[in-house]
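Letter by letter, the chains look like this.
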Amino acid sequence: MRRISWMLAMVLVLSILLAACGKKDAAAVVKDLNEVVGEMESYQGAGVMTLHTGDTPQQYKVEVWHQKPSYYRIALTNAKKDVTQIVLRNDEGVFVLTPSQNKSFRFQSNWPDNQGQVYLYETLIRSITGDTTRQFADEKESYVFDVAANYNTHALVRQKIWLNKSDYAPKQVEVSDSNANVVVDVKFDSFKFGAEFEKDAFDMQRNMTATSEEGGKAGTDSGGVAPAEQSGDSGGKEPANPQTAPEPDGAVSDGQSGVSSDTEQKGTDGAATGQESEEPTMAEPEGADSFGVIQPTYAPEGVQLKDDQIVEETGDYSVMLRYEGTYNYTIFEARPQDRAVSLAPSRVVDLGFTLGMLSGDALQTLTWMTDGVEYRITSADLPENEMVRIATSMQEESGK
């Protein structure tokens, strides 16, 4: 009887050891992640990003291409719109492109080195490896990390990151606010390390023309920019350009420079030094027609709309909305025919659906472009995170 009990005990111990065999703790996974990033040459990922910042969640298809050392191409598609936006980084700088409207927006910036995005693999891994208080869970097919969010905004506090056990590819990311409400959610449908891209995949002019023949949707049969391999994890053919709606038309970070559809203007030394200089006036390709009055659906507590004014002078249609209360700010909306851009110190701000530019010190201005309309929020006391919430709430609105 004792012998049988002893044998059962040994079998139980061996079963426990076998069950634990192959499991990794947080330290082992973090070590592996550092090696993956260090050896990584390129990747291609695709999925769906949902922003829970307004009354109604906003969904975007997102596709990310990266190739060492610093080439990036992010394509976003608003589920409700059919306008293309591509964020591109190459040797010439950082661009936000809207091929369907033949417009580009140039940033003299080291993005994304100084500011990561939730859909960039390096940003996620840096968040995991840099948080010594990280929480770790081993699920059936995923390693799950709960770490601090680091997205240059106080509104985003924590994030949960799901990584595939087999190759550490990202599966899902949830970014939450201080009340544990999910603000941004990204679900990856496919992710491939070692992706191969065409030689001109990150070329600005190539990306501007790649979608024009198909009404703003890129394809690979009409000469569009595409990876050398188009098969995703699902085995289907992936589009070269899933995209979105916004269409910036200026430039920012160390300096701000206007870029027309067929004329590229680079920042000058004055941008880096903070000295202002003026660029030549740019003619918009289309007329400045009326778009109504676009009001944000969000306003900080204690803030009310004071008044709005529609101005139709010198061929430009513009709207100014003034808010007062807890914070005082002005929203300016315009679709200018001509535009003169000044060089001024600015920095890139991630709005989720596009990149914006924040300039000024005591009086700050957040500028971005969507559907041919330029938006500016100017205030001396409105926090940056509130500016971002207001901007996001205007994304799905139409003129009234």
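Scoring rules and cut-offs
- Residues numbered from 1 in each chain as written.
- Predicted model: local features only at pLDDT ≥ 70, side-chain atom pairs only at ≥ 80, totals over all residues.
- Heavy atoms only, no water.
- Buried < 20%, exposed > 50% of the residue type's maximum accessible area, 1.4 Å probe, protein only.
- Helix = DSSP H or I, 4+ residues; strand = E, 2+ residues; numbered from the N terminus.
- Phe/Tyr/Trp six-rings, centres within 6.5 Å; stacked < 30°, edge-to-face > 60°.
- Lys NZ or Arg CZ within 6 Å of the ring centre and 35° of its normal.
- pLDDT = per-residue confidence, 0-100.
- Contact = heavy atoms within 4.5 Å.
- Expected span 1.5 Å × (residues − 1).
- Arc of directions from axis to C-beta.
- 1 Å grid on protein atoms, 1.4 Å probe; cavity = no way out; pocket = protein on both sides within 12 Å on 5 of 7 lines; lining within 4 Å.
- Points joined across faces, edges and corners; volume = space filled by probe spheres on them.
- Nonpolar A, V, L, I, M, F, W, Y, C, P; charged D, E, K, R; others polar.
- Pairing = 2+ DSSP bridges.
- Salt bridge = Lys/Arg side-chain N within 4 Å of Asp/Glu carboxyl O.
- Core = buried A, V, L, I, M, F, W, Y, C linked by side-chain atoms within 4.5 Å.

Within helix α6 (residues 384–393), seven of the ten residues are buried, which leaves the element mostly enclosed by the surrounding structure. Within the span of α6, buried status applies to Glu386, Met387, Val388, Ile390, Ala391, Thr392 and Ser393.

Moving on: the packing of aromatic side chains. Per the counting criterion, the structure on display carries 16 aromatic pairs. An angle of 10° between the planes, with centres 5.1 Å apart, marks the rings of Trp368 and Tyr375 as stacked. For the pair shown, Trp368 and Tyr375 are each scored as buried. Members of the aromatic cluster, each reached through a chain of ring pairs, are Tyr43, Tyr121, Phe188, Phe191 and Phe193. The cationic tip of Arg73 hangs over the ring face of Trp65; the distance from NZ or CZ to the ring centre is 4.2 Å. Sitting above the plane of the Tyr298 ring, Arg389 keeps its charged end 4.0 Å from the centroid.

Let us look at the confidence of the model for the chain. As a note on interpretation, predicted positions should not be read in detail where pLDDT is low. For the chain, per-residue confidence averages 74 on the pLDDT scale, and residues scoring 70 or more make up 66% of the total. Throughout residues 11–20 the model reports pLDDT below 50, and contacts reaching past four residues in sequence, or to other chains, amount to zero contacts. Note that residues 338–344 has pLDDT below 50 and, in this model, 38 contacts with residues that lie over four places away or in other chains.

On to helix α2 (residues 26–39). Under the 1.5 Å per step criterion, the end-to-end length of α2 is 20 Å for 14 residues, consistent within 8% with the ideal 20 Å. Buried within α2 are the following residues: Ala26, Val29, Val30, Asp32 and Leu33. One side of α2 holds all its buried residues, which, seen down the axis, span an arc of 160°. Exposed residues on α2 whose side chains face more than 90 degrees from its buried face are Ala27, Lys31 and Glu39. Looking at the packing, one finds that the buried side of α2 touches α3 (121–130), β7 (135–138), β8 (142–148) and β9 (158–164).

Before going further, it helps to examine the layout of surface pockets. Quantified by volume, the largest pocket comes out at close to 640 Å³. Lining the largest pocket are 33 residues, with Thr53, Thr153, Ala155, Leu156 and Val183 positioned closest to its centre. Elements with a contribution of two residues or more to the lining of the largest pocket: β1 (42–51), β11 (182–193), β19 (346–350) and α6. Residue composition of the lining of the largest pocket, by class: 14 nonpolar, 14 polar and five charged.

This part takes up the pairing of strand β4 (residues 85–90). Of all six residues in β4, six are buried; the element is thus mostly enclosed. Of the two faces of β4, both are covered, the one formed by Gln85, Val87 and Arg89 as well as the one formed by Ile86, Leu88 and Asn90. For strand β3 (residues 71–78) and β4, the ladder comprises five bridges, and the chain directions are antiparallel. The residue bridging Ile74 from the neighbouring strand is Val87, located in β4. Bridge analysis of β4 against strand β5 (residues 93–98) gives five bridges, and the strand direction is antiparallel. Residue Arg89 lies in a different strand from β5, and its bridge partner there is Val94. Between β4 and the antiparallel strand that follows it, β5, lie two residues.

Turning our attention to the pattern of salt bridges. Pairing between side chains of opposite charge can happen when their charged atoms approach one another. Per the stated rule, a full pass over the model turns up seven salt bridges. Across the pair Asp32 and Lys24 runs a salt bridge, and its minimum N-O distance is 2.6 Å. The exposure class of Lys24 is partly exposed, given its relative accessible area of 32%. We note a salt bridge from Lys165 to Asp138, for which the minimum N-O separation is 2.4 Å. With Lys165 in the loop between β9 and β10 (170–176) and Asp138 in strand β7, the pair connects residues that are 27 residues apart, well separated along the chain. The exposure class assigned to Lys165 is partly exposed, which follows from its relative accessible area of 28%. In this structure Asp138 comes out as partly exposed when scored by relative accessible area, which is 31%.

Here we come to the nonpolar core. Among the nonpolar cores identified, the biggest contains 71 residues, and Leu33, Met49, Ile74, Val118, Phe145 and Trp368 are the most heavily contacted of them. Counting residues per element, this core draws most heavily on β11, at five residues. Setting aside anything within four residues of it in sequence, one finds Trp368 in contact with Leu351, Phe353, Thr354, Leu355, Gly356, Val373, Glu374, Tyr375, Ile377, Ala391 and Met394. Trp65, Ala201, Phe202 and Met208 belong to the second-largest nonpolar core, a separate cluster that totals twelve residues.

Let us now look at the environment of Ser393. The residue Ser393 is located in helix α6 in this model. Residues Ser393 and Ala299 lie 94 residues apart in sequence; the distance between their C-alpha atoms is 9.0 Å. For Ser393, the residues in contact, after removing those within four places along its chain, are Pro296, Thr297 and Tyr298.

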